[in-house]
Amino acid sequence: CSSDLFFATPSLGMFGAPNMENMLRDNQIQQELGLVDEQMKEIKSIQEAFSRQMQEQSQSLFIDGKFDATRARELGEKMQTVQATMKKKIDGVLLPHQQQRLKQLSYHVEMQNRPGGQAIFQGRIAEELELTDEQKEELEERAEEIEKELEKDIAELKKKAREDLLNGLTAKQR
């Protein structure tokens, strides 16, 4: 497991979850998964086909130069279906251990990108962990407590840093 992977923030999909298909564009993730050239060619082909579909469909959002909200909703639903199909195709290219590792990496990215530990007690990670409503509530309360503690600690560190900086000045300069 390479912790260096997590400095990048791949695209987030719906509900703050990382878009695993876009994560596959990252060279570090490709290396972590041990993807071979043939797999990358297939994945790239799938991604390009998806991008073409997205571009073609997005052109229908404007009628006579005006944005059509109804079409946007319809397109959103259609793109969810197309994206699910793309994910299935990509899963067909990846080996089972690569699929599992990509899922793990996406959880790490989600944890980094969602504030206050929300990724643990909301959404797909909570579902995966099979958290009860009581556990979710307890985790959310604890996350709020931790956030308050962090804010207090940060304020104290800022105060100390200002004091340390001012100590470099003479009494007259302060």
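Please refer to the structure placed before this passage.
Quick summary incoming for the structure in this document. (Residues numbered from 1 in each chain as written. Predicted model: local features only at pLDDT ≥ 70, side-chain atom pairs only at ≥ 80, totals over all residues. Heavy atoms only, no water.)

1. Description of the nonpolar core
The criterion, for reference: Only buried Ala, Val, Leu, Ile, Met, Phe, Trp, Tyr and Cys residues count toward a nonpolar core, and they belong to the same one when joined by side-chain atoms within 4.5 Å. A 1.4 Å probe rolled over the protein chains alone gives each residue an accessible area, and that area as a share of the maximum for its type sets the label: buried under 20%, exposed over 50%, partly exposed in between. Helix numbering and strand numbering both begin at the N terminus, where a helix is a DSSP run of H or I of at least 4 residues and a strand a DSSP run of E of at least 2.
In this structure, Met 23, Leu 24, Leu 33, Leu 35, Ile 43, Ile 90 and Leu 102 are the most contacted members of the largest nonpolar core, which totals 21 residues. Taken together, the elements giving at least two residues each to this core come down to α1 (20-23), α2 (27-33), α3 (37-58), α4 (69-93) and α5 (96-113). By residue number, the principal contributor to this core is α4, which donates six residues.

2. Some points on unusual backbone geometry
Phi is positive for Glu 130, which is not a glycine, with a value near 55 degrees. Here Glu 130 is to be found in the loop between α7 (124-129) and α8 (133-166). According to the relative accessible area criterion, Glu 130 is exposed, its value standing at 67%.

3. Topic: the pattern of salt bridges
Filter applied, for reference: One speaks of a salt bridge when a side-chain nitrogen belonging to Lys or Arg is within 4 Å of a carboxyl oxygen belonging to Asp or Glu.
Evaluated as defined, the whole model comprises seven salt bridges. Across the pair Arg 124 and Glu 110 runs a salt bridge, and its minimum N-O distance is 2.7 Å. Here Glu 110 lies in helix α5 and Arg 124 lies in helix α7, a separation of 14 residues in the sequence. Where Asp 164 meets Lys 160, a salt bridge forms, and the shortest distance between an N and an O atom there is 2.9 Å. Remark: Lys 160 and Asp 164 occur in helix α8; sequence separation between them is four residues, near one turn of the helix. Note on Asp 164: relative accessible area 44%, which makes it partly exposed.

4. Concerning a negative patch on the surface
Using the following cut-off: A patch consists of residues whose relative accessible area exceeds 30% and which take part in no salt bridge; residues with like charges are grouped when within 9 Å of each other, and nonpolar side chains (Val, Leu, Ile, Met, Phe, Trp, Tyr) when within 5 Å. Accessible surface is estimated by sampling points in the Shrake-Rupley manner with a 1.4 Å probe; for residues, cover comes only from the protein chains shown. In summary, the charge assignment counts Lys and Arg as positive and Asp and Glu as negative, without counting His or the chain termini. The atom standing in for a charge is NZ when the residue is Lys, CZ when it is Arg, CG when it is Asp and CD when it is Glu.
Taken together, the side chains of Asp 133, Glu 134, Glu 137, Glu 138, Glu 140, Glu 141 and Glu 144 define an acidic patch exposed on the protein surface. Tracing the chain through its elements places Glu 140 in helix α8.

5. Description of the packing of α3 against α4
Note the threshold: Helix axes are fitted to C-alpha atoms over the stretch in contact, other axes to C-alpha atoms as well, and angles between N-to-C directions run from 0 to 180 degrees. Relative orientations are named as follows: roughly parallel for angles under 35 degrees, roughly antiparallel for angles over 145 degrees, roughly perpendicular for angles from 65 to 115 degrees, and oblique for any other angle. Contacts are residue-level and defined by heavy atoms, with any inter-residue pair within 4.5 Å sufficient.
Interhelical geometry of α3 versus α4 gives an angle of 170 degrees and a closest axis separation of 10 Å. With respect to α4, the axis of α3 lies roughly antiparallel. Facing α3, whose interface residues are Gln 39, Glu 42, Ile 43, Ile 46, Gln 47, Phe 50, Gln 53, Met 54, Gln 57 and Ser 58, α4 presents Leu 75, Lys 78, Met 79, Val 82, Gln 83, Met 86, Lys 89, Ile 90 and Val 93.

6. Some remarks on the environment of Leu 33
With respect to the helices, strands and loops of the structure, Leu 33 is situated in helix α2. For Leu 33, a relative accessible area of 5% puts it in the buried group. Leu 33 sits 66 residues away from Gln 99 along the chain, and the two C-alpha atoms are 8.5 Å apart. The residues contacting Leu 33, other than those within four sequence positions of it, are Leu 24, Gln 98, Arg 101, Leu 102 and Leu 105.

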